[in-house]
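Given next are the chains, with one letter for each unit.
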Amino acid sequence: MILSDYLPGTGLLWRLPPGIKLLALAALGTLLLAVPLLDLAAITFVAVIALYLGSGLGWRVIWGILRPMLLILAIVAGAQWWLFDALSALMVALRLAALLLFASLVTLTTRASDMIAALERALFWLRPLRVNPAKVSLALSLALRFIPVLGSITAEVREAQRARGLERSVIATAVPVIVRLLKMADDIADAIEARGYDPGNETSRSTGETRP
Amino acid sequence: MIELRDVTHRYGERVVLRDLSLRLEERRVAVIGGNGSGKSSFARLLNGLQLPSAGQVLIDGLDTRSDGKAVRRRVGFVFQNPDNQIVFPVVEEDLAFGLKNLRLPRDEIRARVDAALARYDLTELREHPAHLLSGGQKQLLAIAGVMAMEPAHIVFDEPTTLLDLRNKRRVARAIAELPQNVVMISHDLELLRDFDRVIVLDEGRIVADDRPGPAIDFYERRMA
Ligand SMILES: Nc1ncnc2c1ncn2[C@@H]1O[C@H](COP(=O)(O)OP(=O)(O)OP(=O)(O)O)[C@@H](O)[C@H]1O
Ligand SMILES: [Mg+2]
């Protein structure tokens, strides 16, 4: 889950409003796809690397992001080479790597909650469609919070089953996991209610109406 | 003040609380009893998470049935399982959640979050992912999140089951210093020695209601 990979920091990139970073990401993506030039891809790639190093995020971080993507990069570049030529393969690979690194830079320097708040503000135009941005943003937060829990519940159930002699079985694992998830969903709903959550109020705040 | 009038609670056919009438005016009230005796059900009635099958629950004169929202604002609740009450992915965000719901000004939220982090020794974990906390740290976070809201009454459902001795004492001290009214469910009898009143439940009935000394003695004899 890329969104949760925030690295605490105090540099300029951390202080930029998340909305601006998201806009820059969208603009860069559009530009790179609209203008397929090797020079542009190369310059962007170098510039993004420079942003990392300038922000104190070293080669180790960059490598950590690129390494899991190497296979995909190789496949995409290989296909391009086979279809066209080596230069366009290089262009495509640099472009993809630059975008990937820039997107990661945004998530590395933006707290999930700030990103969500920015999205919430950006979603205000959905209100006439009866979509409440506050609810959307709470849902996103909950997803970020509980996706890792899903993993640990599955691991716990497996462990308990193995301890009692049951080896791998998808159904035998899925059933107790789902039961626990349903119970958990119930409890979470209670906890949110008990802490005074009221989406009606959130809405008026997120659209910038003044509070009394 | 918390008042129950002829409260009975059932899940389907099963009666879990029978005909309770009570006025809780003391600052620290504890509820003890065996597993399944109805303690958690009792607690959930107090902030309107659950409405009684019959009878009335009044918090400072507000009926949980008709004034649910106002009641929840007055009654904070710390649940038995800390995992399911931490709703934000990062420690300080979770602390801020309840405060935002109270619509406090931003500075006030920041100040209260800082104070809560310091008080429960969570400052170093402020940007820590919630799912990586230990069980006890989660419990502290859940407690801190509710205390920071400063509700008039706080209900604790076994808040110290996962805590080590130091954190247990830390929570006990925090509770002792709270200006608010506390209703605490606990199996940890040590924690209740300096409470004002202890109620013993058994199969949904009150079987003792006294000062901690005699009530705990009664309970220990009964469980022996
Ligand atoms: N949602 C529910 N639906 C049906 N029955 C329930 C529900 N919640 C609790 N019960 C039943 O109500 C009875 C009282 O449960 P409660 O959780 O109040 O006990 P408790 O005193 O808190 O126990 P413990 O010390 O184990 O936490 C139990 O017999 C339980 O099985
Ligand atoms: Mg219970």
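In the block above lies the structure referred to throughout.
Residues numbered from 1 in each chain as written. Chains lettered and ligands numbered in written order. Predicted model: local features only at pLDDT ≥ 70, side-chain atom pairs only at ≥ 80, totals over all residues. Heavy atoms only, no water.

## Section: the overall build of chain A
Secondary structure summary: chain A contains 10 helices and zero strands in total. Starting at the N terminus and walking to the C terminus, you meet the elements of chain A as α-α-α-α-α-α-α-α-α-α. The C-alpha radius of gyration computed for chain A amounts to 22 Å, which surpasses the reference 17 Å derived for 212 residues by more than 25%, pointing to a less compact arrangement than a globule. Dimensions of chain A along its principal axes, counting C-alpha atoms only, are 60 × 55 × 35 Å. Across the 212 residues in chain A, those meeting the buried criterion constitute 37%. Long-range contacts, defined as pairs at least 24 residues apart, comprise 69% of the intrachain contacts of chain A with a sequence gap of at least 6. Approximately 12600 Å² of chain A is accessible, and the part contributed by carbon and sulfur atoms is 70%. Distance between charge centres in chain A, computed from 20 positive and 15 negative side chains, equals 3 Å. (Helix = DSSP H or I, 4+ residues; strand = E, 2+ residues; numbered from the N terminus. Rg over C-alpha atoms; globule rule 2.2 N^0.38 Å. Buried < 20%, exposed > 50% of the residue type's maximum accessible area, 1.4 Å probe, protein only. Contact = heavy atoms within 4.5 Å. Areas by Shrake-Rupley, 256 points an atom, 1.4 Å probe, with all protein chains shown as cover. Lys, Arg positive; Asp, Glu negative; His and termini not counted. Charge placed at Lys NZ, Arg CZ, Asp CG, Glu CD.)

## Here we look at unusual backbone geometry
Residues and elements named next belong to chain B. At aspartate 60, a position not held by glycine, the phi torsion is positive, near 45°. For aspartate 60, a relative accessible area of 34% translates into the label partly exposed. At glutamate 150, a residue that is not glycine, the phi angle is positive and equals roughly 50°. Counting through the fold element by element, glutamate 150 comes out in the loop between helix 5 (135-147) and strand 7 (153-157).

## Digging into the site of ligand 1
All names here are of chain B. Lining the immediate environment of ligand 1, one finds 14 residues, of which Arg14, Gly36, Lys39, Ser40 and Ser41 sit closest. The separation between an oxygen atom of ligand 1 and a polar side-chain atom of glutamine 80 is 3.1 Å. Within the complex, 63% of the 630 Å² of free accessible area of ligand 1 lies under protein. Broken down by element, the residue count for the shell around ligand 1 peaks at three residues, all from helix 1 (residues 39-46). Split into classes, the residues belonging to the shell around ligand 1 amount to two nonpolar, nine polar and three charged. (Near = heavy atom within 4 Å. Polar contact = N/O pair within 3.5 Å; in protein donor to acceptor, adjacent residues only side chain to side chain. Nonpolar A, V, L, I, M, F, W, Y, C, P; charged D, E, K, R; others polar.)

## Thoughts on the coordination of the magnesium ion (ligand 2)
Bound to the magnesium ion (ligand 2) on the protein side are Ser40(B) (OG) and Gln80(B) (OE1), at distances that span 1.9 to 2.8 Å. A residue pair is termed long-range when its members are at least 10 positions apart, and Ser40(B) in helix 1 and Gln80(B) in the loop between strand 6 (75-78) and helix 3 (91-101) qualify at 40 residues. (Donors = N, O, S within 2.8 Å, 3.2 Å for Na, K, Ca; no water.)

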